[in-house]
Amino acid sequence: MEIPDVIDRRNCEYSQLIEDFKKEVKGINMQGVTGPHFPGVGSNYCRAKYKFAFCGIETYGWNSMESFMEMSPEKYLMDTDSCIDSLEFLKWADNLHATFWGFVLQFFSEFYKVDLKDLTSANSKNGNALDVLKSFVWANANSIERFEVSSKGQGANLADWEQVKNASAKFDDLNHIINSCHPKVIFLLSSGTDVNSIISDESLSNIYNIDPSNKSNILKIAHKEGIPYDYYYLRNTDTHLFKLPHPTWMGLYSGIGIGNYVNSIIQDLSNYMIWKSLPKGPDDWEDETVACVDKSSRDNKFHIIATLAHDLTANNLVMSGVELAKIFNINNVKTQYGSSYSENGGRGIYHVITSAWSYYQYEKKDYQTAYEIARSFVKQNGDYAY
């Protein structure tokens, strides 16, 4: 089974939000303000049999707003991905008993039945253990962290930070992760976060065919047997969410410990039959029936567009977006949401053409190919598509 590339879907989900945010905060004094953190996707996530997203409260320092404003959305989004794939986060897990990353590592150790030492060593000889560490999504409930965490110490002005923080609220909706990454289980490690404030039917992708009249779309079960946390089943998207205290509280103040929380959660994963079976070991992390990169990936679409543009230019011909959409649909090249392209001249196909032009013009600096794309594709009325 082939699935669209998750990175492409994530980028498409957030790119327009980022552009809108940049317009909203333009002109604000951003000196000292820490930039937003966006969900990172490990390179093994799309092949993972068990798809998890771990959502903390916030980072403790990230890129600056000034650098964020200068970077393309795609490049900025890659920063979080690289922290996962380079295993940089292992350097941040000094206290495995009372930190966010301590929780992640303890959970994977118990869930996949792998020695914690194999997970905490970037040079581990256990290849499956290292594969597991690149198989999840990492996010935060606050894309812009609290003022006193880093921006204050960096000399930011509170009023300026507040404007940036308010504008960033759109990033904190968990549905953006659900729409693009489709995790089966989300761990929200922030007991102070109101689930209803970060999950709204209005922000779900239309692929879910939501009936807004259905008011019973979330099932909540409060776990009170000595280990307090809440479990939510989001019926619209078949997503399971565990709302937990932050691991610092679990490890230092609860009197329970991260290990006991982890054991309780794994028991719930079994009780609630979220999967038919749980892994027997770290070698059971991969769904071998899934091919991660397919012809619906961004790179493949751009390659198709560039190839067509070259031949069209050579023969002094043009092609409409509608015709390109038909070619994509006939060959099962899907949108980032897994659906077919509109053959009525919808914006989707022209967005792909524009993105392909931008890719060759600015990222690849292949000006000849960018020129051929701009020259070759037209709208239904004959005007150039870009």
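Computed from a predicted structure; not experimentally measured. (Residues numbered from 1 in each chain as written. Predicted model: local features only at pLDDT ≥ 70, side-chain atom pairs only at ≥ 80, totals over all residues. Heavy atoms only, no water.)

**Details of the environment of Y367**
Stage number 1. Residue placement: Y367 occurs in helix α15 (residues 367–376).
Stage number 2. A C-alpha to C-alpha distance of 9.2 Å links Y367 and W357, two positions 10 residues apart in sequence.
Stage number 3. Excluding residues within four positions of it along the chain, Y367 makes contact with Y360 and Q361. (Helix = DSSP H or I, 4+ residues; strand = E, 2+ residues; numbered from the N terminus. Contact = heavy atoms within 4.5 Å.)

**Quick look at the sheet that holds strand β2 (residues 52–56)**
Stage number 1. Within the open sheet, the 7 strands sit side by side as β1-β3-β2-β4-β7-β6-β5. Their pairing is mixed. A strand with exactly one partner marks an edge of an open sheet, and here the two such strands are β1 (40–41) and β5 (218–223).
Stage number 2. Pairing between β2 and strand β4 (residues 185–189): 4 bridges, direction parallel. Directly across from F54, in β4, lies its bridge partner F187.
Stage number 3. The strands touched by helix α4 (residues 100–111) are β2, β3 (136–140), β4 and β7 (239–244); relative to β2, the strand with the most contacts, the crossing angle is about 155 degrees. (Pairing = 2+ DSSP bridges. Axes fitted to C-alpha atoms, helices over the stretch in contact; angles between N-to-C directions.)

**Points about the packing of aromatic side chains**
Stage number 1. Scanning all chains against the criterion turns up 48 aromatic pairs.
Stage number 2. Between F108 and F136 the ring centres are 5.7 Å apart and the planes differ by 50 degrees, which places this aromatic pair in the tilted class. One end of the pair, F108, is in helix α4; the other, F136, is in strand β3, and 28 residues separate them in sequence. Taken individually, F108 and F136 each receive the classification buried, so the pair is uniform in this respect.
Stage number 3. Directly above the ring of F68 sits K22, whose terminal nitrogen or CZ lies 5.2 Å from the centroid.
Stage number 4. The positively charged end of K51 is found above the aromatic ring belonging to Y45, 5.4 Å away from the centroid. (Phe/Tyr/Trp six-rings, centres within 6.5 Å; stacked < 30°, edge-to-face > 60°. Buried < 20%, exposed > 50% of the residue type's maximum accessible area, 1.4 Å probe, protein only. Lys NZ or Arg CZ within 6 Å of the ring centre and 35° of its normal.)

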